[in-house]
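Letter by letter, the chains look like this.
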Amino acid sequence: MAAGGGLLDPAGRLRSTVFEEMTALARRSGSVNLGQGFPDFDPPREMVDAAAAALHAGHHQYAPIVGVPALRESVAVHQRTHYGLELDPESEVAVCAGATEAMAAALLSLLQPGDEVVLFEPRYDLYGALVQFAGATAVPVPLLPPAFVPDPDDVHAAFSPRTRAVVLNDPHNPTGTVASREFKELLVELAAEHDAVIVTDDVYEHLRYDGPHEPLAALPGAAERTLSVSSAGKTFSATGWRVGWISGPPELVRGAVAVKTYLSHSAAAPLQHAVAAALAFPSEFYARLLEDYRERRDVLVSGLRAAGLTPPEPQGTFFAVADVSDHYPLAGVDNATDLGRHWAENAGVVGIPVSAFVSPENQGLYSDWLRLAFCKRTDVLRGAMAGLAASV
């Protein structure tokens, strides 16, 4: 698992994640931490009040392994309301301890040694860790900068008779891109041809800036072979609550539930009730969420441009990436990782090198790119960007 997640140093010793390293660097240097993706503002008051009400109502014991009925019903209603997907909350929805556990339960329920899993890079480090832990083999397909789209020939070549699963994160962390319909249709076609399961990580589903999210499961021929994962953390600014869910065909959900039984058993009962209430928020909540994040995105992107960089405008998530190679001569470095450390000490800003999200064979494609998170208050972002501009 450590090898698959990139947690071994060149000598084979365990090391901490890049997120922990850069967060510690931000603390030591007093910099603004734009590396790790957690908001610095509170969840909606109504959701917090619902959690308090659930505590006072006595929801203190184990929740059902598959999740409290109220939340499973809310997930089903949410999928129908936003995407036209019809789910049976009794057999096609299960609640997990965050999207992390949902992804773990999905992949561990599917994979055996010898299987292959198609992963698109850069990627969240969890995917590779789970694939290797299961004894399967990751088959990386690069998302080619600066547009971060794959070569269709590479996608075709990644599938084989051993392909058991393909993982799609859309909108995409770390690049902030959104998968095109053509790309998703190709994945459905190839998955059907090779009898593979598609596991989608949709945690940024409500942070898409140009049109509504279109889950892959809603495409023709996709639902019967897709497990969809999402959570409350990103949408409701509650990354520490660890309430997520997985949905899909009953036989695939049953497998994931069998695995999660021996992981967490169940997510926190009172928080499940609160998230059930939050998923029923009116459409105005989601419109306001997007408006707020567009403002934060624009502050970050304009600040990076004022510092002489040319970042692509994020289409989704709360991350932006930038090729920072033009700043190397100013800092006396030759890669984004070292520039990130230089920025922490001299500009008061911490980012994450995109190469940390990539397997060794593809790291050279991304060695000049940094990821920065804009899930912060606008005054914090403006201060960080002013410090960066002043340092160059």
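Residue indices follow the written sequence of each chain, beginning from 1 at its first position. It should be noted that, the model being predicted, local features are given only for residues of pLDDT at least 70 and side-chain atom pairs only at 80 or more, the latter also being counted only at that level, while totals for whole chains, interfaces and linings use all residues. The side-chain numbers reported here are obtained from all heavy atoms of the structure, hydrogens and water having been left aside.

1. A word on the overall build of the protein chain
In plain terms, the rule: Under the DSSP-based scheme used, a helix requires at least four consecutive residues in state H or I and a strand at least two consecutive residues in state E, with every element numbered from the N terminus. Only the C-alpha atoms count toward the radius of gyration. The rule for a globule is 2.2 Å times the residue count to the power 0.38. Remark: exposure states derive from per-residue accessible area (1.4 Å probe, protein chains only) relative to the maximum for the residue type, with buried under 20%, exposed over 50%, and partly exposed in between. The contact criterion used is simple: two residues touch if any of their non-hydrogen atoms lie within 4.5 Å. Exposure was quantified through the Shrake-Rupley algorithm and a 1.4 Å probe, taking into account, for residues, occlusion by the shown protein chains and nothing else. In this tally Asp and Glu are treated as negative and Lys and Arg as positive; neither His nor the chain ends contributes. Where a charge sits is defined by one atom per residue type, namely NZ (Lys), CZ (Arg), CG (Asp) or CD (Glu).
In terms of regular secondary structure, the protein chain is built from 13 helices and twelve strands. Here the protein chain has a C-alpha radius of gyration of 20 Å; the compact-globule value for 392 residues is 21 Å, and the two agree. Overall size of the protein chain, expressed as C-alpha extent along the three principal axes, is 60 × 50 × 40 Å. Here the protein chain, with 392 residues, has 57% of them falling under the buried criterion. Residue pairs at least 24 apart in sequence account for 74% of intrachain contacts in the protein chain once pairs closer than 6 positions are excluded. Total accessible area on the protein chain stands at roughly 15900 Å², and carbon and sulfur atoms take up 52% of it. Taking the average location of the 28 positive side-chain charges in the protein chain and that of its 47 negative ones, the two points are 5 Å from each other.

2. Concerning the sheet that holds strand S4 (residues 137–142)
Our working rule: Strand pairing is defined by DSSP finding a minimum of two bridges between the two strands. All axes here are fitted lines through C-alpha atoms, helices being fitted over the stretch that makes contact, and every angle between N-to-C directions spans 0 to 180 degrees.
The strand order across the open sheet built from seven strands is S2-S8-S7-S6-S5-S3-S4, with neighbouring strands paired in mixed fashion. Among the strands making up the open sheet, the edge pair consists of strand S2 (93–96) and S4. Within the sheet, the average angular offset between the axes of one strand and its neighbour, ignoring direction, is 20 degrees. Both strand S7 (residues 226–231) and strand S8 (residues 244–247) contribute to a ladder of four bridges, which runs antiparallel.

3. Comments concerning the sheet that holds strand S9 (residues 319–323)
In any sheet, the strands associate via hydrogen bonds between backbone groups, in a parallel or an antiparallel arrangement. In spatial order, the strands read S9-S12-S11; together these three strands make up an open sheet with antiparallel pairing. Of all the strands in the sheet, just S9 and strand S11 (352–353) have a single pairing partner and so form its edges. Lying over the sheet, helix H12 (residues 336–346) contacts S11 and strand S12 (369–373), oriented at roughly 45 degrees with respect to S12.

4. Quick word on the environment of Ala94
Mapped onto the fold, Ala94 is located in strand S2. If sequence neighbours within four positions are ignored, Ala94 has contacts with Val66, Gly244, Trp245, Ile246, Val253 and Val257.

5. Here we look at the pattern of salt bridges
A pair can form between side chains of opposite charge whenever their charged atoms are brought close. So the rule is basically this: Take a side-chain nitrogen of Lys or Arg and a carboxyl oxygen of Asp or Glu: if they are within 4 Å of each other, that pair is a salt bridge.
Counted according to the given criterion, the structure contains 17 salt bridges. Residue Asp40 is joined to Arg377 by a salt bridge in which the shortest nitrogen-to-oxygen separation is 3.4 Å. Of this pair, Asp40 sits in the loop between strand S1 (32–33) and helix H2 (45–56) while Arg377 sits in the loop between S12 and helix H13 (378–390); the two residues are 337 residues apart in sequence, bridging distant segments of the chain. Classification of Asp40 as partly exposed rests on a relative accessible area of 28%. Where Asp170 meets Lys184, a salt bridge forms, and the shortest distance between an N and an O atom there is 3.8 Å. In this pair, Asp170 sits in the loop between strand S5 (163–169) and helix H7 (181–193) while Lys184 sits in helix H7, placing the two residues 14 residues apart along the sequence. Through salt bridges that share partners, Asp170, Arg181, Lys184, Glu185 and Glu214 make up one connected network.

6. Considering helix H9 (residues 269–278)
Counting buried residues along H9, eight of its ten residues qualify, which places the element largely inside the surrounding structure. Three or more residues of H9 are buried, namely Ala269, Pro270, Leu271, Gln272, Ala274, Val275, Ala276 and Ala278. Close packing links the buried residues of H9 with H2, helix H3 (69–83), S2, S8 and helix H10 (283–306).

7. Thoughts on the pairing of S8
Taking every second residue as pointing to the same face, both faces of S8 are buried, with Gly244 and Ile246 on one and Trp245 and Ser247 on the other. Note: S2 against S8, four bridges, orientation antiparallel. Paired with Val93 across the two strands is Ser247, which belongs to S8.

8. Regarding the side chain of Lys376
Put simply, the rule reads: Whenever two N or O atoms come within 3.5 Å, that pair is a polar contact, provided that in protein one can donate a hydrogen and the other can accept it, and provided that, for residues adjacent in sequence, both atoms are side-chain atoms.
The topology assignment puts Lys376 in the loop between S12 and H13. Although Lys376 is buried, it makes no salt bridge; Asp40 carries the closest opposite charge, 5.8 Å away. A polar contact of 2.5 Å, which involves the side chain of Lys376, links it to the backbone oxygen of Phe38. Discounting residues that sit within four places of it in the chain, Lys376 has contacts with Asn33, Leu34, Gln36, Phe38, Asp40, Phe41, Arg296 and Leu381.

9. Quick word on the side chain of His213
Tracing the backbone through its elements, the reader meets His213 in the loop between strand S6 (197–201) and S7. For His213, a relative accessible area of 7% puts it in the buried group. Each residue touching His213, except ones within four places of it in the same chain, is listed here: Tyr83, Asp170, Pro171, Asp202, Glu205 and Arg208.

10. Some remarks on the layout of surface pockets
A water-sized probe, rolled over the atoms, reveals where empty space remains. To keep things clear, this is the line we draw: Lining residues are those with an atom within 4 Å of a point, where the points come from a 1 Å grid over the protein atoms alone and group into cavities, where a 1.4 Å probe fits but cannot get out, or pockets, open sets with protein on both sides within 12 Å along at least five of seven lines. Grid points are joined across faces, edges and corners, and a volume is the space filled by probe spheres set on the points.
The computed volume of the largest pocket comes to approximately 850 Å³. Surrounding the largest pocket, 37 residues form its lining, Gly6, Arg15, Ala356, Val358 and Gln363 being those nearest its centre. Taken as a whole, the second largest pocket holds about 570 Å³ of empty space. Gly37, Thr100, Tyr124, Lys234 and Arg242 are the residues nearest the centre of the second largest pocket, which is lined by 29 residues in total. Listing elements by their share of the lining of the second largest pocket, those giving two or more residues are helix H1 (18–29), helix H4 (98–110) and helix H5 (125–133).

11. A word on H7
Where we set the bar: Given the number of residues in a helix, its expected span is that number minus one, multiplied by 1.5 Å.
Between its terminal C-alpha atoms H7 stretches 18 Å, which fits the 18 Å expected from 13 residues at 1.5 Å a residue. The complete set of buried residues in H7 reads Phe183, Lys184, Leu186, Leu187, Val188, Leu190 and Ala191. Of the residues flanking the end of H7, it is Asp195, one or two places downstream, whose phi is positive at about 50 degrees.

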